[in-house]
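Chains, contacts and geometry: an overview
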There are 2 protein chains.
Amino acid sequence: MSRTPAGPEIERLIQLLAKLPGLGPRSARRAALHLLMRKDKLLEPLSEAMRIACERVVVCETCANVDTQNPCSICRDPRRDGATLVVVEDVSDLWALERSGAVSARYHVLGGTLSPLDGRGPEDLNLATLADRAADPEVREVIIAVNATVEGQTTAHYVTDLLAGSDVKVTRLAHGVPVGGELDYLDDGTLAAAIRSRTAF
Amino acid sequence: MSRTPAGPEIERLIQLLAKLPGLGPRSARRAALHLLMRKDKLLEPLSEAMRIACERVVVCETCANVDTQNPCSICRDPRRDGATLVVVEDVSDLWALERSGAVSARYHVLGGTLSPLDGRGPEDLNLATLADRAADPEVREVIIAVNATVEGQTTAHYVTDLLAGSDVKVTRLAHGVPVGGELDYLDDGTLAAAIRSRTAF
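Quantities reported herein were computed from a predicted structural model and do not represent experimental measurements. Just so you know, the residues in each chain are numbered from 1, in the order the chain's sequence is written. Labels are handed out in written order, letters beginning with A for the chains and numbers beginning with 1 for the ligands. In keeping with the model being predicted, local features are shown solely for residues with a pLDDT of at least 70 and side-chain atom pairs are shown and tallied solely at 80 or more, while totals for entire chains, interfaces and linings include all residues. Water and hydrogen atoms play no part in the side-chain values, which are based on all heavy atoms of the structure.

A word on the interface of chain A and chain B. Only heavy atoms matter for contacts: two residues are in contact if any of them lie within 4.5 Å across the pair. Opposite the 51 residues of chain A that make contact, chain B presents 51 residues. Here a polar contact means two N or O atoms within 3.5 Å. Within protein one must be a hydrogen donor candidate and the other an acceptor candidate, and residues neighboring in sequence count only if both atoms are side-chain atoms. Summed over the shared surface of chain A and chain B, the number is nine residue pairs in polar contact (both at pLDDT 80 or more). Strands are runs of DSSP state E lasting at least 2 residues, helices are runs of H or I lasting at least 4, and numbering of each runs from the N terminus. When residues of the side of chain A that touches chain B are traced back to their parent elements, those giving at least two are helix H1 (7–17), helix H2 (25–37), helix H3 (39–56), strand E2 (66–67) and helix H5 (91–100) of chain A. Examining the composition of the side of chain A that touches chain B, we find that 14 residues originate from one element, H3(A), more than from any other. Ten residues, namely Ala, Val, Leu, Ile, Met, Phe, Trp, Tyr, Cys and Pro, are considered nonpolar, four, namely Asp, Glu, Lys and Arg, are considered charged, and the remaining ones, Gly among them, are considered polar. Of the residues that constitute the side of chain A that touches chain B, the class distribution is 31 nonpolar, seven polar and 13 charged.

Here is the structure:
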């Protein structure tokens, strides 16, 4: 007996939905049924939105952001501070920084981290054009905004070495107590970093 | 600033994905990015599977199951036991019973439960044809397989009353200890029901 007694079309929909992060086989079934019960209001618009995204969304050849134009709207935006280049691991990190409004710079998306254990070397990342972009006379600072994980920090060191010969200032995000965070719940490494990098009141 | 700095097409995809059960705004963003990064392998097939489902999936006019044919494959299946009609709340319950292989009968999907507090009365459920279906001389038993919730039990009583005049035997699912369940973790109602309905060893 098939796992869902409703024909191959629905079974295929469930199997594809189950590949989304955050959905397992059971929640994919629930999502499929939710969609099928709301054909006009959800299934059709979502199918159409996916088709349009599939057709129009491209990866920016300059910074590897995803957008409907190439170069992407951030690379094109003349109001951006062209003197700063923010290096991030993934597009989701770019989105997070944009949502925060913390910086109005251009980006360079690596598309992952170095991870020798997983066989990911420099050739697997979007590193080929980074040195050239940093060598642009307009660029004065490269902010390495990677995750504070082992892989992230390994990647940060590699990028720093890569840019060592150029004139740009290479910086990284500060470590410290998250805003709203309680000391009692923080790990020793974060506390040590927060003490080390203490600032004058 | 838009919540996602990537154009209206991606924003719309995220908003629609966030309407799926199990996905919130944050996980919808993650899912959208996952899809956009796997255009050929996931986004396009999923869009296509949704389009096909949208075109072909219909609600069975006999039992309200969803399928690609009407009447659905279960209503058409000549090997099914036509003497038994299983009344369920939703298609997901029908799927669960089919997966269990516990019964090989035909179904009647109500499409919800009675809930006076939420303003859902008998006219909102697929009840109009139930008495006629139960009056079919072939049908000998109606199993009311609704959830063991207050709304489910209210609905079960209503359905029982509805079928009171007919010749069919109306039954309901047994209450008791779930297989693999531990007594210590069960609520009093379940334990009381399991004692009340105890069977000879």
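Having seen the model, we can carry on.
This chain's UniProt record puts "zinc finger region: C4-type" (unreviewed entry) on residues 60–75 of chain A. Span residues 60–75 of chain A is 19% helix and 12% strand, its end C-alpha atoms 8 Å apart. UniProt positions are given in the numbering used here, feature names are shortened, and annotations may be inferred rather than shown by experiment.

A separate point is the pairing of strand E5 (residues 141–144) of chain B. Residue and element names in this part refer to chain B. Here a strand pair is declared whenever DSSP counts at least two bridges between the two strands. Bridging between strand E3 (residues 81–88) and E5 involves four bridges; their strand directions are parallel. In the sheet register, Val87 faces E5, and the bridge partner there is Ile144. Here E5 runs beside strand E6 (residues 169–172); their pairing, made up of four bridges, is parallel. By the bridge assignment for E6, Glu141 is matched with Lys169. We call a crossover right-handed when, viewed with both strands directed away from the observer, the connection leading from the first strand over the helix to the second proceeds clockwise. For the crossover from E5 across helix H7 (residues 150–162) to E6, the handedness is right-handed.

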